[in-house]
Amino acid sequence: MDWSVIVEYKDLFIRGLFYTTVLTIGAVFTGLVIGLSLGLMRLSKKRLIYVPAKLYIDVFRGTPLLLQILFIHLALLPAVTKDLLGLNSPDAILSGFVALSLNAGAYIAEIFRGGIQSIEKGQTEAARSLGMSHSQAMRHIILPQAFKRMLPPLGNEFIALLKDSSLVSVIAVNDLIYAAQTTAKVTWERWAPYITAGVLYFILTYLLSRVVFWLEKRYSTEEER
Amino acid sequence: MTPMIQIEGLRKRFGQSEVLKGIDLHIREKEVISIIGPSGSGKSTLLRCMNLLEEVSEGKVIVDGNDLTDSRTDINHVRTEMGMVFQQFNLFPHKRVLDNITLAPIEVRKWEREAAEKKAYLLLDKVGLREKADSWPSQLSGGQMQRVAIARALAMDPKVMLFDEPTSALDPEMIGEVLAVMKELANEGMTMVVVTHEMGFAREVCDRVLFMDEGRIEEEGAPNELFSHPKRERTRSFLGKVL
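As the structure is a prediction and not an experimental result, all values here were calculated from the model. (Residues numbered from 1 in each chain as written. Chains lettered and ligands numbered in written order. Predicted model: local features only at pLDDT ≥ 70, side-chain atom pairs only at ≥ 80, totals over all residues. Heavy atoms only, no water.)

Chemist: Just give me the short version of the overall build of chain B, but keep the residues and values in it.
Modeler: Scanning chain B from terminus to terminus reveals nine helices and 10 strands. Here chain B has a C-alpha radius of gyration of 18 Å; the compact-globule value for 243 residues is 18 Å, and the two agree. Within the span of chain B, comprising 243 residues, buried residues form 58% of the whole. Long-range contacts, defined as pairs at least 24 residues apart, comprise 64% of the intrachain contacts of chain B with a sequence gap of at least 6. Of the roughly 10,500 Å² of accessible surface on chain B, a fraction of 44% belongs to carbon and sulfur atoms. When the 33 positive and 39 negative side-chain charges of chain B are each reduced to one mean point, those points stand 1 Å apart. (Helix = DSSP H or I, 4+ residues; strand = E, 2+ residues; numbered from the N terminus. Rg over C-alpha atoms; globule rule 2.2 N^0.38 Å. Buried < 20%, exposed > 50% of the residue type's maximum accessible area, 1.4 Å probe, protein only. Contact = heavy atoms within 4.5 Å. Areas by Shrake-Rupley, 256 points an atom, 1.4 Å probe, with all protein chains shown as cover. Lys, Arg positive; Asp, Glu negative; His and termini not counted. Charge placed at Lys NZ, Arg CZ, Asp CG, Glu CD.)

If you want it as structure tokens, here you go:
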């Protein structure tokens, strides 16, 4: 095992760490926005609103992420950038970001829906009986309580997303996997690059799980004890 | 004088089953009414139709001149004038007692926080819980929670208070403290509709008692009359079981 190749190619790994982190954080935030919107749409009583949301969720949960990444990078986004706008092919990093965000949005939507539905009906009724509108009741009463219950599944989703982001290496985004593969290919050293990437992924997921744990603790104050 | 609440030919269906089978009811300002009857008789549903927590299938519900069944009526506005107290209290567990009370005045009535809190403290005095202002709901007993819920509803200065079995989820020793607050409210001239199993309260405090059975108002009258000389057989048999 030759660990010197890691030092030699450290720039590749640093860049990989950077791309993996940025891609994941970006997809988490965009996914949260998409997920909240879809989750609320999914709960609507109007067919025109909840059917599209359900369709979206079913499609993104029912097909492989790898396929979504390839489809978005090779078919969907080029159709927009090249055919529609007359620009270059999309950046791999942009495609990766879009695919991960859209995919995460579908899973997060279901987490939001479950969280919102887990709040007792009496809470909405109490809020509405005080004259609050539907959106006021959501904002002040339902979502703050639901958010606390959603934190553990959201934490799981974020960790899964971090690991799934490795799939974007197939469209040549310079993420951690890409760094490991490239180093291995060039140096013929098979052990060190993959172990390094694995350790770095583990450190990232561990840090992420600590952040989620800290949030959980912070939001479960004296109330409900 | 037009009634505070006017209900005409009200029907409510849940799928196939009809829970309210044509209710006509006028409630005057300052009147205190209790609705009694066996479980499943539709009394809670009737109460919940009064502020449209249940959609009305047929008929009219008019509150203080606002026709709730008219889709142009701003239901949120009408609800600000009607306080509701629930069997399960439904306090907001993520907010302290004081914030439970001030939330709606601040968000809906757009009051300044300071004014809302001043009012909240007055109401907490009224229900005897000023020292609990900074507590979380989970730190209160059932009776205390229900008194906070009453204060929360009163913070909006409602014209009517609806009570949906307010003491049914309470331990026996806590029922008295909640009924005392309700009695005081009645004496101050609040218009009140109370779905209850507390026959003592109905008898002592209410102006009128409605006995409901199978989705209809079977009998109504002044408490003394209804409790002492029920006219209908069903009323007699119900009272025989609960008194």
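Chemist: Tell me about the interface of chain A and chain B, and name the residues and values.
Modeler: Across the contact, 23 residues belong to chain A and 27 residues belong to chain B. Together chain A and chain B conceal approximately 2,100 Å² of surface at their shared face, both sides included; 57% is due to carbon and sulfur atoms. At the surface where chain A touches chain B, the tally comes to one salt bridge. Notably, a salt bridge pairs E125(A) with R48(B), separated by 2.6 Å at the nearest N-O pair. Seen at the junction of chain A and chain B, the total is eight residue pairs in polar contact (both at pLDDT 80 or more). Counting residues per element, the ones that place at least two in the side of chain A that touches chain B are α6 (121-129) and α7 (134-164) of chain A. The biggest single contributor to the side of chain A that touches chain B is α6(A), with eight residues. Looking at the side of chain A that touches chain B residue by residue, the classes come out as six nonpolar, nine polar and eight charged. (Buried area = accessible area lost by both parts, 1.4 Å probe. Salt bridge = Lys/Arg side-chain N within 4 Å of Asp/Glu carboxyl O. Polar contact = N/O pair within 3.5 Å; in protein donor to acceptor, adjacent residues only side chain to side chain. Nonpolar A, V, L, I, M, F, W, Y, C, P; charged D, E, K, R; others polar.)

Chemist: Could you give an account of a nonpolar patch on the surface, naming the residues involved and the relevant values?
Modeler: On the surface, M1(A), W3(A), W191(A), I195(A), V199(A), F202(A), I203(A), Y206(A) and L207(A) cluster together into a nonpolar patch covering about 980 Å² of accessible area. Mapping I203(A) onto the fold places it in helix α9 (residues 191-219). (Patch = residues over 30% accessible without salt bridge, like charges linked within 9 Å, V, L, I, M, F, W, Y side chains within 5 Å.)

Chemist: Outline the packing of helix α3 (residues 97-107) of chain B against helix α5 (residues 142-154) of chain B, listing residues and values.
Modeler: Residues and elements named next belong to chain B. Where α3 meets α5, the axes come as close as 8 Å, and the angle between the chain directions of the two elements is 25 degrees. For the element pair α3 / α5, the angle class is roughly parallel. The chirality of how α3 crosses α5 is right-handed. Contact residues: V97, N100 and I101 in α3; V148, A151 and R152 in α5. A breakdown of the residues in the contact of α3 with α5 according to their chemical character gives four nonpolar, one polar and one charged. (Axes fitted to C-alpha atoms, helices over the stretch in contact; angles between N-to-C directions. Parallel < 35°, antiparallel > 145°, perpendicular 65-115°, else oblique. Left-handed = near helix turned anticlockwise from the far one by under 90°.)

Chemist: I'd like a description of the pairing of strand β7 (residues 160-164) of chain B, backed by residues and values.
Modeler: Residue and element names in this part refer to chain B. Counting buried residues along β7, five of its five residues qualify, which places the element largely inside the surrounding structure. Burial of β7 is two-sided: the residues V160, L162 and D164 facing one way and the residues M161 and F163 facing the other way are all buried. Bridge count for strand β6 (residues 82-85) against β7 is four bridges, and the pairing is parallel. Looking at the pairing, M84 lines up with L162 of β7. (Pairing = 2+ DSSP bridges.)

Chemist: Lay out the pattern of salt bridges in plain terms, naming residues and giving numbers.
Modeler: Applying the stated rule across the entire model yields 33 salt bridges over all chains. The closest approach of N and O atoms between E31(B) and R28(B), which form a salt bridge, is 3.3 Å. Looking at E31(B), the relative accessible area reads 3%, which means it is buried. Here R208(B) ties to E31(B) by a salt bridge, and the two come within 2.9 Å at their closest N and O atoms. Of this pair, R208(B) sits in strand β9 (residues 208-213) while E31(B) sits in the loop between β2 (17-27) and β3 (32-36); the two residues are 177 residues apart in sequence, bridging distant segments of the chain. Under the relative-accessibility criterion, R208(B) is labelled buried at 14%. One connected set of salt bridges, linked through shared partners, spans K121(A), E125(A), K12(B), R48(B) and E54(B).

Chemist: A description of the environment of D83(A) should follow, citing residues and the corresponding values.
Modeler: Looking at where D83(A) falls in the secondary structure, it is placed in helix α4 (residues 65-84). As for D83(A) and L162(A), which are separated by 79 residues in sequence, their C-alpha atoms are 32 Å apart.

Chemist: So what's going on with the nonpolar core? Which residues, and what values?
Modeler: Within soluble globular proteins, side chains that are nonpolar generally end up buried alongside one another. Counting 67 residues, the largest nonpolar core has I5(B), I7(B), L10(B), L46(B) and M50(B) as its most contacted members. Take this core: its biggest share by element is nine residues, from α7(A). Ranked by size, the runner-up nonpolar core spans 39 residues in total, among them V97(B), L129(B), L154(B) and A155(B). (Core = buried A, V, L, I, M, F, W, Y, C linked by side-chain atoms within 4.5 Å.)

Chemist: Give a detailed account of helix α1 (residues 43-50) of chain B, specifying residues and quantitative values.
Modeler: Residues and elements named next belong to chain B. Of all the eight residues making up α1, eight are buried; the element is thus mostly covered by neighbouring parts of the structure. Those residues of α1 that sit buried are K43, S44, T45, L46, L47, R48, C49 and M50. Positioned one or two residues after α1, L52 has a phi angle of 60 degrees, which is positive.

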